[in-house]
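Given next are the chains, with one letter for each unit.
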Amino acid sequence: GIAMQMEHKDPATRFLKRDSIMFANVDFIMNRLDRTGVKVYIYGHSLHLNPISTYPAAHCLPLGYYLNASYSDNYSVYLLTIGSGENRTESENYVQTITPLKIAPYGSIEYLLSRCNYSQFYLSVTPEFNRLFLTRVIGLNKIPKEFTFTNIFQRYKGIFFIKHDE
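Here the structure is a predicted model, which is why all the values come from computation and not from measurement. In this numbering scheme, every chain counts its residues from 1 along its sequence in written order. This being a predicted model, a pLDDT of at least 70 is required before a residue's local features are given, and a value of 80 or more before pairs of side-chain atoms are given or counted; all residues contribute to the totals for chains, interfaces and linings. Excluded from the side-chain calculations are hydrogens and water; all other atoms, namely the structure's heavy atoms, are used.

A few words now on the confidence of the model for the protein. You can read pLDDT as the predictor saying how much it trusts each residue, on a scale of 0 to 100. Looking at the protein, pLDDT values average 86 and 90% of them are 70 or higher. When the elements of the protein are averaged for pLDDT, strand S2 (residues 86-90) gives the smallest value, 82, and strand S4 (residues 120-124) the largest, 96. Working definition: helices are DSSP H or I runs of at least four residues, strands are E runs of at least two. Numbering for both runs from the N terminus.

What follows deals with the environment of Ile52. Relative to the helices and strands, Ile52 is located in the loop between helix H2 (46-49) and helix H3 (63-71). Overall, Ile52 belongs to the partly exposed group, its relative accessible area being 42%. Between the alpha carbons of Ile52 and Tyr66 there is a distance of 10.0 Å; along the sequence they are 14 residues apart. Contacts: residue pairs with any heavy atoms within 4.5 Å of one another. If we ignore the near neighbours within four places in the chain, the residues touching Ile52 are Pro62, Gln154 and Arg155. Each residue is assigned to one of three classes by its accessible area relative to the maximum for its type, calculated with a 1.4 Å probe on protein chains only: buried under 20%, partly exposed between the two thresholds, exposed over 50%.

Its place among the elements puts Thr148 in strand S6 (residues 147-151). For Thr148, a relative accessible area of 3% translates into the label buried. At a separation of 3.4 Å, a polar atom in the side chain of Thr148 contacts the side chain of Tyr55. Setting aside residues no more than four positions away along its own chain, Thr148 makes contact with Tyr55, Pro56, Phe133, Leu134, Thr135 and Val137. A 3.5 Å cut-off defines polar contacts: any pair of N or O atoms within that distance qualifies, except that in protein one atom must be a possible hydrogen donor and the other a possible acceptor, and neighbouring residues in sequence count only when both atoms are side-chain atoms.

What follows is about the packing of aromatic side chains. Side-chain rings of Phe, Tyr and Trp (the six-membered ring for Trp) are treated as a pair once their centres are within 6.5 Å; stacked means planes under 30 degrees apart, edge-to-face means over 60, and tilted covers the remaining angles. Summed over all chains, the structure comprises nine aromatic pairs. Seen in terms of ring centroids, Tyr122 and Phe160 are 4.8 Å apart; in terms of plane orientation they differ by 50°. Their pairing is tilted. Linking Tyr122 in strand S4 with Phe160 in strand S7 (residues 158-164), this pair joins segments that are 38 residues apart in sequence. Through successive ring pairs, a cluster of aromatic residues spans Phe23, Tyr65 and Tyr66. For a Lys NZ or an Arg CZ to count as sitting over a ring, it must be within 6 Å of the ring centre and within 35 degrees of the ring normal. The ring of Tyr111 carries the charged tip of Arg115 above its face, separated from the ring centre by 3.8 Å. For Arg131, the ring lying beneath its charged end belongs to Phe133, and the centroid distance is 4.0 Å.

Moving on, we come to the sheet that holds S7. Ordered by their spatial adjacency, three strands build an open sheet running S1-S7-S4, and the pairing between neighbours is mixed. Strands at the two margins of the open sheet, each flanked by one partner only, are strand S1 (78-84) and S4. Looking at each pair of strands side by side, their axes are set apart by 20° on average, direction ignored. Strand pairing follows a simple DSSP-based rule, namely that at least 2 bridges must link the two strands. Helix axes use the C-alpha atoms of the stretch in contact, all axes being lines fitted to C-alpha atoms, and the angles between their N-to-C directions lie in the range 0 to 180 degrees.

We define a salt bridge as a side-chain nitrogen of Lys or Arg found within 4 Å of a carboxyl oxygen belonging to Asp or Glu. Enumeration according to the criterion identifies one salt bridge in this entry. Glu146 is the salt-bridge partner of Arg136, the closest N and O atoms lying 2.2 Å from each other. Taken together, the positions of Arg136 in strand S5 (residues 132-136) and Glu146 in the loop between S5 and S6 put the pair 10 residues apart, joining distant regions of the chain. Side by side, Arg136 and Glu146 carry an identical accessibility label, which is buried.

Here it is in structure tokens:
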């Protein structure tokens, strides 16, 4: 079952339960829609939407795990990533800072995709991606490691890539 009690004052406990609460909210809305012939798109961070893991963040089952379990064949995740640009981060005191993204390291998926001659494109994820790739994992909170190893094939159906954020 999904733990629904968010009255815990411990921030770690709230953090670990937030994806199950996200699912409860999405499921509540989905069960009230007439979905006949309708596609629903959810835009969110890939750590939450993929069906495998919230790694490298705190370990918990991601929203995508619950969505995949409930909607199986009708659920797929696409990674949106960028070659270079800026990121807006927020401190614990809600102070926002804009910082340049780190240069994509050699061998990362962003490095490889930035070598293409297109400024943006879509790439289907095939079994050739069933291995670990360095990929950018960054969100609202500043984390020391901007790139981490991820099995793209297990997490995503495709990649939308933008070379630069302008």
